[in-house]
Amino acid sequence: MIPINYQVTGEEEYSFRIEIDGDGNYTVHTGTYATQKPRSGKLTAHQESELQHAVTSLRSFSEHPKPGDGQAFQAKLVVGEGEQQVVYTFWEGALEEDEQLASLVRQLEVI
């Protein structure tokens, strides 16, 4: 499994972070006004396969910065580790522009 760290911050103190290690173990942190305890688990073989496919199908890791000063959710996706690590930052509007990125994010958010 390729390690993945995905983090979203947004309005009204919204926060979502998921960390997946190389063995498929994950920890999900969610928070709003009432922060919840992190939950942990292990991906199924099917989830690992789907995530691996989604990561490799990304065309490129190009940045999608937030336009202007408006309120929007900001996201950071880190794939891999060490010298193979790729860091990708984007705003919520990028999900409408990049179908492969949207697919990966949806898979992460349902874990």
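Predicted model only: the values in this text are computed from it and were never measured. (Residues numbered from 1 in each chain as written. Predicted model: local features only at pLDDT ≥ 70, side-chain atom pairs only at ≥ 80, totals over all residues. Heavy atoms only, no water.)

1. So, the sheet that holds strand E5 (residues 74-79)
To keep things clear, this is the line we draw: What makes two strands pair is DSSP finding at least two bridges between them. Secondary structure elements follow DSSP: runs of H or I of four or more residues count as helices, runs of E of two or more count as strands, with numbering from the N terminus. Note on geometry: axes are lines fitted to C-alpha atoms, helical ones only across the stretch in contact, with angles between N-to-C directions running from 0 to 180 degrees.
Strand order in the open sheet made by the six strands is E4-E3-E2-E1-E5-E6, with antiparallel pairing throughout. Among the strands making up the open sheet, the edge pair consists of strand E4 (39-42) and strand E6 (86-91). Across the sheet, the axes of successive neighbouring strands diverge by a mean angle of 10°, strand direction being ignored. Of the strand pairs in this sheet, strand E1 (residues 4-9) and E5 are connected by six bridges, and their pairing is antiparallel. Considered in E5, the bridge of Thr9 is made with Gln74.

2. Some thoughts on the nonpolar core
The condition is simple: Think of a nonpolar core as a cluster: buried Ala, Val, Leu, Ile, Met, Phe, Trp, Tyr and Cys residues, connected wherever their side-chain atoms sit within 4.5 Å. Any residue under 20% of the maximum accessible area for its type is buried, any over 50% is exposed, and the rest in between are partly exposed; the area is computed with a 1.4 Å probe on protein chains only.
In this structure, Tyr6, Ile18, Ile20, Leu77, Phe90 and Leu108 are the most contacted members of the largest nonpolar core, which totals 25 residues. Of all the elements in the fold, those that place two or more residues in this core are E1, strand E2 (15-20), strand E3 (25-31), helix H1 (45-57), E5, E6 and helix H3 (99-109). The greatest single-element share of this core, amounting to four residues, is contributed by H3.

3. Comments concerning the pairing of E5
Where a strand is regular, its side chains alternate between the two sheet faces. Pairing of E5 with E6, which is carried by six bridges, proceeds in the antiparallel orientation. Across the sheet, Ala75 pairs through a bridge with Phe90, a residue of E6. The hairpin turn running from E5 into E6, its antiparallel successor, is six residues long, and Gly80 in that turn takes a positive phi close to 85°.

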